[in-house]
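Read off the chains here:
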Amino acid sequence: MTAYDVIVLAGGAAKRLGGADKPGLRVGGRALLDRVLSACADAAVTVVVGGRRATARPVVWTREVPEGGGPLAALGAGLRLTTAERVLVLSADLPFLGRGTVDALLTAAGEPGREGALCTDPDGRDQPLVAAYRAEPLRRELALIATEHGSLAGLPLRLLTAELDLARIDAGPDASFDCDTWDDIAAARARIREHGAVLDEWITSVKNELGIDLDVDTALLLDLARDAAHGVARPAAPLTTFLVGYAAARASAGAGPDEAAAAVAEAARKATDLALRWEAEAEASGGEAAGAGGSGGGTADGTAGGAGRDAGRDAGREGTGAP
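Just so you know, these numbers come straight off a predicted model, no measurement behind them.

Scanning the model with the defined rule gives one aromatic pair in all. Between Phe 96 and Phe 177, the aromatic rings sit 5.7 Å apart at their centres with planes inclined by 55 degrees, giving tilted as the arrangement. Residue Phe 96 is found in the loop between strand E6 (86-91) and helix H3 (99-109), and its partner Phe 177 is found in the loop between helix H6 (172-175) and helix H7 (182-191); the two are separated by 81 residues along the sequence. The burial state of Phe 96 is the same as that of Phe 177; both residues are buried. In this structure, Arg 191 is placed above the aromatic ring of Phe 177, and the distance from its NZ or CZ to the ring centre is 4.6 Å.

On to the environment of Thr 82. Assignment of secondary structure puts Thr 82 in the loop between helix H2 (71-79) and E6. Classification of Thr 82 by relative accessible area gives buried; the value is 5%. Thr 82 sits 76 residues away from Val 6 along the chain, and the two C-alpha atoms are 8.0 Å apart. When near neighbours in sequence (up to four residues on either side) are disregarded, Thr 82 contacts Asp 5, Ile 7, Val 47, Val 87 and Arg 139.

Let us now look at a negative patch on the surface. Residues Asp 213, Asp 215, Asp 258 and Glu 259 make up a contiguous surface patch of negative charge. Examined against the element boundaries, Asp 213 turns out to sit in the loop between helix H8 (198-210) and helix H9 (218-231).

A word on the nonpolar core. Judged by nonpolar contacts, the single largest core of 29 residues is most densely connected at Leu 88 and Leu 90. Residue assignment for this core shows that the elements contributing at least two residues are strand E1 (5-9), helix H1 (32-39), E6, H3, strand E7 (116-120), strand E8 (126-134) and strand E9 (166-170). Here this core gets five residues from one element, more than from any other, and that element is H3. In this structure, Leu 88 is in contact with Tyr 4, Asp 5, Val 6, Ile 7, Cys 40, Val 102, Leu 105, Ala 131 and Ala 132, ignoring residues within four places of it in sequence. Core analysis: the next-biggest nonpolar cluster, separate from the first, contains 25 residues, Leu 72, Ala 73, Val 89 and Leu 157 among them.

Strand order in this open sheet of seven strands is E5-E4-E1-E6-E8-E7-E9, and the pairing throughout is mixed. Of all the strands in the sheet, the pair left with one neighbour each is strand E5 (60-62) and E9. Averaged over all adjacent pairs, the angle separating strand axes in this sheet is 25 degrees, with direction ignored. Two strands pair when backbone bridges link them, and E7 and E9 are joined in this way by five bridges, in the parallel orientation. Residue Thr 120 lies in a different strand from E9, and its bridge partner there is Asp 170. On top of the sheet, helix H4 (residues 135-149) reaches E6 and E8; it is set at about 115 degrees to E8, its chief contact.

The full count for this structure, using the stated rule, is 20 salt bridges. Linking Asp 227 and Arg 226 is a salt bridge whose minimum nitrogen-to-oxygen distance equals 3.1 Å. For the salt bridge of Arg 269 with Glu 266, the shortest nitrogen-to-oxygen distance reads 2.7 Å. On the criterion of helical spacing, the pair formed by Arg 269 and Glu 266 is a turn pair, its members being three residues apart in helix H11 (residues 257-296).

With their axes 11 Å apart at the nearest point, H2 and H4 run at an angle of 130 degrees to one another. With respect to their mutual orientation, H2 and H4 come out oblique. In this structure, H2 crosses over H4, and the sense of that crossing is left-handed. Contact residues: Leu 72, Leu 75, Gly 76 and Leu 79 in H2; Leu 138, Arg 139, Leu 142 and Ile 145 in H4. Tallied by class, residues from the contact of H2 with H4 come to six nonpolar, one polar and one charged.

The rules we used
- Counting from 1, residues in each chain are numbered in the order their sequence is written.
- Per-residue local features are limited, in this predicted model, to residues with pLDDT of at least 70; the limit for side-chain atom pairs, both in listing and counting, is 80 or more; totals at the level of whole chains, interfaces and linings are taken over all residues.
- Heavy atoms from the whole structure form the basis of all side-chain values; hydrogens and water molecules are not counted.
- Pairing of aromatic side chains here covers Phe, Tyr and the six-membered ring of Trp, requires ring centres within 6.5 Å, and sorts the geometry by plane angle: under 30 degrees stacked, over 60 edge-to-face, intermediate tilted.
- Per the convention used, a helix needs a DSSP run of H or I reaching at least four residues, while a strand needs a run of E reaching at least two, with both numbered from the N terminus.
- When accessible area is computed with a 1.4 Å probe and restricted to protein chains, residues below 20% of their type maximum are described as buried, those above 50% as exposed, and intermediate ones as partly exposed.
- Charge over a ring is defined by NZ of Lys or CZ of Arg lying within 6 Å of the ring centre and within 35 degrees of the ring normal.
- Note on contacts: a residue pair qualifies if any of its non-hydrogen atoms lie within 4.5 Å across the two residues.
- The residues that make up patches have over 30% relative accessible area and no salt bridge, and they are joined within 9 Å when like-charged or within 5 Å when they are Val, Leu, Ile, Met, Phe, Trp or Tyr.
- Reported accessibility uses the Shrake-Rupley method at a 1.4 Å probe radius. Residues are deemed covered only where the shown protein chains occlude them.
- Each reported salt bridge corresponds to a side-chain nitrogen of Lys or Arg within 4 Å of a carboxyl oxygen of Asp or Glu.
- His is not counted, nor are the chain ends; Lys and Arg add positive charge and Asp and Glu add negative charge.
- Note on charges: their place is set at NZ of Lys, CZ of Arg, CG of Asp or CD of Glu.
- Only buried residues count toward a nonpolar core. Its members are Ala, Val, Leu, Ile, Met, Phe, Trp, Tyr and Cys residues joined through side-chain atoms within 4.5 Å.
- Should DSSP find at least two bridges between two strands, the strands are taken to pair.
- Whenever a helix is involved, its axis is fitted only over the stretch in contact; in every case the axis is a line through C-alpha atoms, and angles between N-to-C directions fall within 0 to 180 degrees.
- For classification purposes, an angle smaller than 35 degrees is called roughly parallel, one larger than 145 roughly antiparallel, one from 65 to 115 roughly perpendicular, and anything else oblique.
- Handedness of a crossing follows from how the near helix is turned relative to the far one, being left-handed for an anticlockwise turn of less than a right angle and right-handed for a clockwise one.
- Charged residues are taken to be Asp, Glu, Lys and Arg, nonpolar residues to be Ala, Val, Leu, Ile, Met, Phe, Trp, Tyr, Cys and Pro, and polar residues to be all remaining types, Gly included.

Structural data, given as structure tokens:
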């Protein structure tokens, strides 16, 4: 992918949120701003226009002039700190922005004759703060608008997008979902807990919290946990996956993410094979015990075997407190 810079607009009064610090609000345990930053982690320069705050990765901070001057003023302030040929422009309240959307925007913005690309929402409306622009025409149009109006403060984004040749990207309902109200925040928090999304959301949150840059094969680890729980004992599942991670870390110390992922896969394979061997032995032992009881475990009329089974049932009831 060609190098790009990113400008994240994290200012604004958040009036519909009662003046809350919108970029700092958490969805899935992560600040909205951090969720956006994770989707463009490979940007050469990341400029955040807004008040300083703790972030999951380093960024360059700036403010629009005047503060509260609106999105065009913020975009102009951020653009002065970028040098790449393509600039990704994002708002700080996009909880479901993904790497796929970022790649699609950057690719479309690089098409011959295009001056950028932006997402459209499910109703077909343009989203100029989920977009990628070629830097040269972006600078040109901002300069022309500032000359015509005296400054960029208080001006709407449509003055910019109307003058640029932009591709439109239909990235689905999630990419352009933004959080302007408390209902939006509640909807986002509920959506990440839906059955089809909760696991990936949790793994991503854990990786960000721990600073792990690793593609985790969740299906592989879940299969391992299932086999360990079924073939050994339920507590074996979390303990085994912990040991797999520890072994993989030792085996890939100093290596890159690809080598680390391969080490996880190899450690998981070995542990899975071991769990399956345990399960096979348990099944074999159970079969042997059943055969022994059926062939010689009682008297000629089978009373001893029956008594043994009754005693086993009584012992089980006694152990659980059953009458």
